[in-house]
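Per-entry structural report
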Amino acid sequence: MELSEEILSLLFDEALSRFLNYVTIDTTSSSTSGTHPSSEGQLRLGKLMVSELKELHLENVEQDENGYIYADLPATAGYENVQAIGFLAHLDTSNATSGANIEPKVIENYDGSPITFPKDANLILTKEECPELNDLIGHDLITSSGDTLLGADDKAGIAEIMAALAVWVKYPELPHGPITICFTPDEEIGEGTDFIKMDRMAPICYTFDGGEMGELETECFDAWGAKVVFKGVSAHPGYAKDKMVNAIRLAASFVSQLPEGETPERTEKREGFYHCMNFKGSEELAEALFILRDFDVQENKRRMSFMESLKEKMMAEYPGLEIEFTFTHQYENMNVYLKDKPKIKEIAANAIENAGLEVKDTAIRGGTDGARLSAKGIPTPNLFAGGIMFHSRREFISTKALQKAAEVCVRIAFEWTK
Ligand SMILES: [Zn+2]
């Protein structure tokens, strides 16, 4: 499918202007508020989305009681029987950095030199720290002013989907089947699909929540949490010989016997890890919290049985010591659900190639709304939204990425009509 210059430039203008507007609304999610959505700003951005979706005359536009936004775009005339698909992006931004009063800044025609920020003279971003910049020389880049994150994760995803919708509405001859849009709250705190209405979703979806242009992700971590409780025996330290079993000292020994080569700070790409994220206690009682991550569930099972064998060994060595485990499966590698349905990925890969980009088939060292949706029965790969250095004050995006992701959205819908 040829897309005219006029359509491409509309995609660019729509995605860019909407993005610059959305980032001015603070939608930082909160893991402690206990409300759904977790912050008021997400409701405000959601209200804006409802009015923009209604302006585009989408059908069944809704902001529900938990802040989810849903809307439908009927098929192009004659394509009503094409596979229905959905597009998702998330409303919230990470609480790792402030998302309030974001003042985006555009660097025109980036020349490769270190990027500076008006509101923090000590903050700098270089190509050495961020090799992705090497591919973006000559692009227009958007950064924050240095005091906040930018919010491309994931307001870029929302803006890109909105730009695609604007084009479909203005050019009703462009072929696509029925399309459902969903913007979710609280993805960053792991609750993005907790209250999603499955009966409002299309049977196949795509999230726009990835990084670099061309990224297509059908794999994410298989994720486990482990709580380990150590029970010891206390005694007066002066008279403790052969009596005391010091829970916190033995807990420390347990943690240090896990392989150092399998920690987040020693692994990358497809390597998995044990991560001790919290540790506390006394001589009677100690507790260590872990997360276990791998792309292969068998590798995580191997880690759990290694922990079990360590437990047996230590309990035999230190009579009186008790060790108890609680393992919880947090989310699955979505590839378990996607590998038997190669067409869903192939279509996205074709759309990326037809947009003139190289497909970067990567595995997410984390989870996405798509991973949880896939496990709930809606296969949902993840596509690039274009933002780089997520969750930090140095987050940035190329304006070209906004346009290209919107174009990929239009092309995915077209590919399904073939
Ligand atoms: Zn995101």
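Attention here is on the structure that accompanies the text.

Rules behind the numbers
- Residues numbered from 1 in each chain as written.
- Predicted model: local features only at pLDDT ≥ 70, side-chain atom pairs only at ≥ 80, totals over all residues.
- Heavy atoms only, no water.
- 1 Å grid on protein atoms, 1.4 Å probe; cavity = no way out; pocket = protein on both sides within 12 Å on 5 of 7 lines; lining within 4 Å.
- Points joined across faces, edges and corners; volume = space filled by probe spheres on them.
- Helix = DSSP H or I, 4+ residues; strand = E, 2+ residues; numbered from the N terminus.
- Nonpolar A, V, L, I, M, F, W, Y, C, P; charged D, E, K, R; others polar.
- Phe/Tyr/Trp six-rings, centres within 6.5 Å; stacked < 30°, edge-to-face > 60°.
- Buried < 20%, exposed > 50% of the residue type's maximum accessible area, 1.4 Å probe, protein only.
- Lys NZ or Arg CZ within 6 Å of the ring centre and 35° of its normal.
- Donors = N, O, S within 2.8 Å, 3.2 Å for Na, K, Ca; no water.
- Tetrahedral: all angles 85-135°; square planar, octahedral: opposite > 155°, others 65-115°.

Details of the layout of surface pockets
Considered as a void within the structure, the largest pocket measures approximately 480 Å³ in volume. Forming the boundary of the largest pocket are 26 residues, of which D153, D209, I364, F390 and H391 lie nearest the centre. Taken together, the elements giving at least two residues each to the lining of the largest pocket come down to β9 (205-210), β10 (215-220) and β17 (387-388). In terms of residue class, the lining of the second largest pocket is built from five nonpolar, three polar and two charged.

Quick look at the packing of aromatic side chains
Counted under the stated rule, the structure contains ten aromatic pairs. Look at F87 and W168: their rings are 6.3 Å apart centre to centre, the planes differ by 25°, and that puts the pair in the stacked class. Of this pair, F87 sits in strand β3 (residues 85-90) while W168 sits in helix α3 (residues 152-170), placing them 81 residues apart in sequence. W168 shares its class with F87; the two are buried. An aromatic cluster of three or more residues is present, and its members are F230, F254, F290, F325 and F327. Positioned above the aromatic ring of F295 is the side chain of R270, whose terminal nitrogen or guanidinium carbon lies 5.0 Å from the ring centre. One Lys or Arg, R303, reaches over the ring of Y274 and ends 5.6 Å from the middle of that ring.

Regarding unusual backbone geometry
With an omega dihedral of 5°, the bond running from H36 to P37 counts as a cis peptide bond. You can see P37 is positioned in the loop between α1 (5-22) and α2 (40-55). Note the cis peptide between D153 and D154, where omega equals 15°. Assignment of secondary structure puts D154 in helix α3. Backbone geometry at N60 places phi at a positive 55°, although glycine is not the residue there. Secondary-structure assignment places N60 in strand β1 (residues 59-63).

Concerning the coordination of the zinc ion
Taken together, H90 (NE2), D153 (OD), D209 (OD) and D209 (OD) make up the full set of protein donors to the zinc ion, lying 1.9 to 2.8 Å away. Viewed at the metal, the four donor atoms of the zinc ion are separated by angles of 51 to 147°, and the geometry they form is irregular. Donor residues for the zinc ion sit on one chain with the sequence pattern H-x62-D-x55-D. Placement of the pair is H90 in strand β3 and D209 in strand β9, with a sequence separation of 119 residues. Of the two residues, H90 and D209, neither departs from the other in class, the shared state being buried.

Just distances and angles here, no functional claims.
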